[in-house]
Amino acid sequence: MALDVLIVDDSAAIRKILHRVLVQADVPLGRVVEAGDGAEALAALKNQKVGLILSDINMPNMDGLQLLSAVKADVAVKDIPVIMVTTEGGSSKVMEAVNLGAVGYVRKPFTAEQIKEKLAGII
Amino acid sequence: MEERERYMEQEQLVGMIRKSTHEVFETMLGLTLDDGEAAIGQAAPAPIDGVVAIIGLAGCWVGTGTFSVTAEGARKIASQMLMQEYTAVDEEVLDALGEITNMIVGNVKTALEEQCGAMGLSIPTVIYGRNFTTRSVGRNEWIVVPFHCLGTKVEVHLCLIQGHENQHMARQTAILTMQ
């Protein structure tokens, strides 16, 4: 079954790179939906079902941790696995994301292999 | 602050900038950088034609990090990063440069956090133009770390002062546009 993915990052460059990595990864990729911040991501989730969320943390309007909290509090989408892909490498941010329910954490800069490894762990 | 202590701090920061910039370029662009000679100065980045991305830091250290490159260099870097040819400095090129800056300064921030605790990072601002300069309010020293790649020079500048408790705002950077 194809995996639909929501990529959330305020950088179009990073969204493009993650999209390319997903295409190259050994996963049955379906639709890729993109959002520029947490608020856009929540709006997208109301209309489109996805099987995985890749999210940055530092974003305007609604950051990635606020998005993660909102997703885990919504019974309709709380089971979607969320992987944080972010420059926030400090242990406090990692712990916060894990405590909020993130299933993975990839620090930028990332290699395609690191993303693929995280995908392999949850798909 | 003792001169020796200050020198060690500057050397340490230069090392953090070099490590972070090399990692970002090698991982995201597949490029090896050649190091230039780092310098310490009172002035912000000199007037340039090209792209400057600016990002603020707050917390135990407070300040500003910048990444500057010529327009041609910006196009080459974005082309390498996004695997497509850019013939002009457009939104995607500026976005790519902002994200590179975010990763470089973000990794320096992570290294600083290991010494003194959580810090904050602003959203990057990217400026593209001709003959402009940037200034940080105050008279603090800038650490200037140049690199060479793709036939062009890129520079990472960092201006940091030790922050006070409850000081959460990054220093303002004023942008002076010159004719």
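Here the structure is a predicted model, which means the values were calculated and not measured.

A. Here's a closer look at the overall build of chain A. Assigned secondary structure in chain A consists of five helices and five strands. Taken from N to C terminus, the helices and strands of chain A fall in the order β-α-β-α-β-α-β-α-β-α. Taking 14 Å as the expected radius of gyration for a compact globule of 123 residues, we find that chain A reaches 13 Å, a close match to that expectation. Dimensions of chain A along its principal axes, counting C-alpha atoms only, are 30 × 30 × 25 Å. Sorting the 123 residues of chain A into buried and exposed places 49% on the buried side. When contacts within chain A are restricted to residue pairs at least 6 apart in sequence, those whose partners lie at least 24 apart make up 64%. Surface exposure of chain A reaches about 5400 Å², of which carbon and sulfur atoms provide 52%. Positive and negative side-chain charges of chain A, numbering 13 and 15 respectively, have mean locations separated by a distance of 2 Å.

B. The arrangement of the sheet that holds strand β2 (residues 29-35) of chain A in detail. All names here are of chain A. What the five strands build is an open sheet, ordered β2-β1-β3-β4-β5; its pairing is parallel. Edge strands, defined here as strands with exactly one partner in the open sheet, are β2 and β5 (104-107). The mean inter-strand angle of the sheet, taken between neighbouring strand axes irrespective of direction, is 20°. Pairing analysis gives four bridges linking strand β1 (residues 3-8) to strand β3 (residues 52-55), with the strands arranged parallel. By the bridge assignment, Val5 is partnered in β3 with Leu52. Sitting on the sheet, helix α2 (residues 38-47) is in contact with β1, β2 and β3, with an inclination near 155° to β1.

C. View of the side chain of A:Thr87. If you trace the backbone, A:Thr87 turns up in the loop between β4 (82-86) and α4 (91-100). Looking at A:Thr87, the relative accessible area reads 1%, which means it is buried. When sequence neighbours within four positions are dropped, the list of residues in contact with A:Thr87 reads A:Asn58, A:Lys108, B:Asn102, B:Met103, B:Gly106, B:Asn107, B:Thr110 and B:Leu121.

D. Examining the pairing of β1(A) more closely. Residue and element names in this part refer to chain A. Most of β1 is tucked away: five of the six residues are buried. Of the pairings in the sheet, the one linking β1 to β2 comprises five bridges and is parallel in character. Its bridge partner lying in β2, Ile7 is registered against Glu34. Where the polypeptide runs from β1 across helix α1 (residues 12-24) and back to β2, its parallel neighbour, the crossover connection is right-handed.

E. Examining the state of the cysteines more closely. Residue and element names in this part refer to chain B. Considering all chains together, one arrives at one disulfide over all chains under this definition. One disulfide in the model links Cys60 with Cys116; its S-S distance is 1.7 Å. Here Cys116 lies in helix α3 (residues 91-116) and Cys60 lies in the loop between β3 (48-58) and β4 (61-69), a separation of 56 residues in the sequence.

F. Molecular detail of the side chain of B:Gln10. Within the secondary structure layout, B:Gln10 lies in helix α1 (residues 3-29). Setting aside chain neighbours within four positions, we find B:Gln10 in contact with B:Ile40, B:Glu141 and B:Ile143.

G. Focus on the pattern of salt bridges. Applying the stated criterion across every chain yields a total of 14 salt bridges over all chains. Here B:Asp35 makes a salt bridge to B:Arg18, at a shortest N to O gap of 3.6 Å. With B:Asp35 in strand β1 (residues 34-35) and B:Arg18 in helix α1, this pair connects stretches of sequence that are 17 residues apart. Residues B:Lys153 and B:Glu155 are paired through a salt bridge, measuring 3.2 Å at the closest nitrogen-oxygen approach. Given the relative accessible area of 17%, B:Glu155 is considered buried. Taken together, the shared-partner salt bridges connect A:Asp9, A:Asp56, A:Lys108 and B:Glu99 into one network.

Cut-offs and rules
Residues numbered from 1 in each chain as written. Chains lettered and ligands numbered in written order. Predicted model: local features only at pLDDT ≥ 70, side-chain atom pairs only at ≥ 80, totals over all residues. Heavy atoms only, no water. Helix = DSSP H or I, 4+ residues; strand = E, 2+ residues; numbered from the N terminus. Rg over C-alpha atoms; globule rule 2.2 N^0.38 Å. Buried < 20%, exposed > 50% of the residue type's maximum accessible area, 1.4 Å probe, protein only. Contact = heavy atoms within 4.5 Å. Areas by Shrake-Rupley, 256 points an atom, 1.4 Å probe, with all protein chains shown as cover. Lys, Arg positive; Asp, Glu negative; His and termini not counted. Charge placed at Lys NZ, Arg CZ, Asp CG, Glu CD. Pairing = 2+ DSSP bridges. Axes fitted to C-alpha atoms, helices over the stretch in contact; angles between N-to-C directions. Right-handed = clockwise from strand over helix to strand, strands pointing away. Disulfide = S-S within 2.5 Å. Salt bridge = Lys/Arg side-chain N within 4 Å of Asp/Glu carboxyl O.

In short, shape yes, function no, at least from these values alone.
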